[in-house]
Amino acid sequence: SQTIHQWPATLVQPVGSPLSLECTVEGTSNPNLYWYRQAAGRGLQLLFYSVGIGQISSEVPQNLSASRPQDRQFILSSKKLLLSDSGFYLCAWSNLAGDSPLHFGNGTRLTVT
Amino acid sequence: GESVGLHLPTLSVQEGDNSIINCAYSNSASDYFIWYKQESGKGPQFIIDIRSNMDKRQGQRVTVLLNKTVKHLSLQIAATQPGDSAVYFCAENIEGGSNFGNEKLTFGTGTRLTIIP
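This text gives an overview of the structure that appears in the document.

Conventions adopted
Residues numbered from 1 in each chain as written. Chains lettered and ligands numbered in written order. Predicted model: local features only at pLDDT ≥ 70, side-chain atom pairs only at ≥ 80, totals over all residues. Heavy atoms only, no water. Helix = DSSP H or I, 4+ residues; strand = E, 2+ residues; numbered from the N terminus. Rg over C-alpha atoms; globule rule 2.2 N^0.38 Å. Buried < 20%, exposed > 50% of the residue type's maximum accessible area, 1.4 Å probe, protein only. Contact = heavy atoms within 4.5 Å. Areas by Shrake-Rupley, 256 points an atom, 1.4 Å probe, with all protein chains shown as cover. Lys, Arg positive; Asp, Glu negative; His and termini not counted. Charge placed at Lys NZ, Arg CZ, Asp CG, Glu CD. Disulfide = S-S within 2.5 Å. Buried area = accessible area lost by both parts, 1.4 Å probe. Salt bridge = Lys/Arg side-chain N within 4 Å of Asp/Glu carboxyl O. Polar contact = N/O pair within 3.5 Å; in protein donor to acceptor, adjacent residues only side chain to side chain. Nonpolar A, V, L, I, M, F, W, Y, C, P; charged D, E, K, R; others polar. Pairing = 2+ DSSP bridges. Axes fitted to C-alpha atoms, helices over the stretch in contact; angles between N-to-C directions. Core = buried A, V, L, I, M, F, W, Y, C linked by side-chain atoms within 4.5 Å.

### Structural notes on the overall build of chain A
Here comes step 1: Assigned secondary structure in chain A consists of zero helices and eleven strands.
Here comes step 2: The globule rule puts the C-alpha radius of gyration for 113 residues at 13 Å, and the 13 Å found for chain A is close to it.
Here comes step 3: Along the longest, intermediate and shortest principal axes, the C-alpha atoms of chain A span 40 × 30 × 25 Å.
Here comes step 4: Counting the 113 residues in chain A, one finds 49% classified as buried.
Here comes step 5: Here the analysis covers contacts within chain A between residues at least 6 apart in sequence; of these, 54% occur between residues at least 24 apart.
Here comes step 6: Put simply, chain A shows about 5200 Å² of open surface, and 51% of that area lies on carbon and sulfur atoms.
Here comes step 7: Each charge sign in chain A was given a centre, from 7 positive and 6 negative side chains, and these centres are 10 Å apart.

Here's what the structure looks like:
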């Protein structure tokens, strides 16, 4: 069966420091991969998605970037964190078709101080 | 009890009763719908999905109903248990609306279900 791993679970970083969140998927090949941010009391905001190695699409302009160095690895990064980058970050995967559900990791709670 | 997800963000239900959580979706072209359950501090967990060629689908203790005429989706949970306490939200997608799959998936903000012992 497929599993998705996301780490760390919580992270506290000072403003201006770099960020690297990692996500890996097991049990499937060539998945679509996604990074979402979830603000308290608000819906999920899509940040990036990837349909293959090295292929990244960004949905919103921001202080973050994403990379997919391997088929089942997705990384969310920042060179210099802002206070506004605080939030709950979720990685997800799906099959290619638009009629298959997203499957989420357990998220990373990022607090920028 | 029942709720409209966006207008009544909380729903309290007696343990053992049935719960009904509603969702009004926005795009008449949407043809694929998903319900998620999110417990505190965790990622959303897939519960059940339904395609627009169906109006009802059942899973284990859950039923999703789709009314395309009024663009309404509901999740029914039978014999609610304490472990059902969570935020539930729906998502809609247009199966043929993208080149890649789920990047156009639109999520609601959710309804918090609280179980009264």
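### Some details on the state of the cysteines
Here comes step 1: Summed over all chains, the structure comprises two disulfides over all chains.
Here comes step 2: Disulfide pairing is shown between A:Cys23 and A:Cys91; the S-S distance is 2.0 Å. Between A:Cys23 and A:Cys91, the S-S torsion sits near -75°, and that sign places the bridge as left-handed. Taken together, the positions of A:Cys23 in strand β3 (residues 19-26) and A:Cys91 in strand β9 (residues 87-94) put the pair 68 residues apart, joining distant regions of the chain. Each member of the pair A:Cys23 and A:Cys91 is classed as buried.
Here comes step 3: In this model, B:Cys23 is linked to B:Cys90 through a disulfide, with the two sulfur atoms separated by 1.6 Å. Taken together, the residues B:Cys23 in strand β3 (residues 19-24) and B:Cys90 in strand β9 (residues 86-93) connect sequence positions 67 residues apart. In this structure, B:Cys23 and B:Cys90 share a single accessibility class: buried.

### Considerations on the interface of chain A and chain B
Here comes step 1: In this complex, chain A contributes 25 residues to the contact, which on the side of chain B involves 22 residues.
Here comes step 2: Summing both partners gives a buried area of about 1800 Å² for chain A against chain B, and 55% of it is carried by carbon and sulfur.
Here comes step 3: The interface formed by chain A and chain B includes zero salt bridges.
Here comes step 4: Inspection of the region where chain A meets chain B yields three residue pairs in polar contact (both at pLDDT 80 or more).
Here comes step 5: Only β4 (32-38), β5 (44-52), β9 and β10 (103-104) of chain A provide two or more residues apiece to the side of chain A that touches chain B.
Here comes step 6: Residue composition of the side of chain A that touches chain B, by class: 13 nonpolar, ten polar and two charged.

### So, the sheet that holds strand β1 (residues 3-7) of chain A
Adjacent strands of a sheet pair through backbone hydrogen bonds, lying either parallel or antiparallel.
All names here are of chain A.
Here comes step 1: Spatially, four strands are ordered β1-β3-β8-β7 in an open sheet, and the strand pairing comes out antiparallel. Here the strands that pair on one side only, and so sit at the sheet edges, are β1 and β7 (65-70). Along the sheet, successive strands turn relative to each other by an average axial angle of 20°, direction set aside.
Here comes step 2: Pairing of β3 with strand β8 (residues 73-78) involves six bridges; the strand directions are antiparallel. Note on β8: the bridge partner recorded for Thr 24 is Gln 73.

### Some details on the nonpolar core
Here comes step 1: In this structure, B:Trp35, B:Leu73, B:Leu75, B:Tyr88 and B:Leu113 are the most contacted members of the largest nonpolar core, which totals 20 residues.
Here comes step 2: Every element with two or more residues in this core is listed here: β2 (10-14), β3, β4 (32-38), β5 (45-51), β7 (62-67), β8 (72-77), β9 and β11 (111-116) of chain B.
Here comes step 3: Those residues within four positions of B:Tyr88 in sequence are excluded, and the remaining contacts are B:Ile21, B:Trp35, B:Tyr36, B:Lys37, B:Ile47, B:Leu75, B:Ile77, B:Gly110, B:Thr111 and B:Leu113.
Here comes step 4: Core analysis: the second largest hydrophobic core is formed by 19 residues, A:Leu21, A:Leu33, A:Leu76 and A:Leu81 among them.

### Considerations on the pairing of β1(A)
Residues and elements named next belong to chain A.
Here comes step 1: By the alternation rule, side chains of β1 split into Ile 4 and Gln 6, which are all buried, and Thr 3, His 5 and Trp 7, of which none is buried.
Here comes step 2: Bridge count between β1 and β3: five bridges; the pairing is antiparallel. Each residue of the ladder has a partner; that of Ile 4, found in β3, is Val 25.

Functional significance is not addressed by these values, which are geometric in nature.
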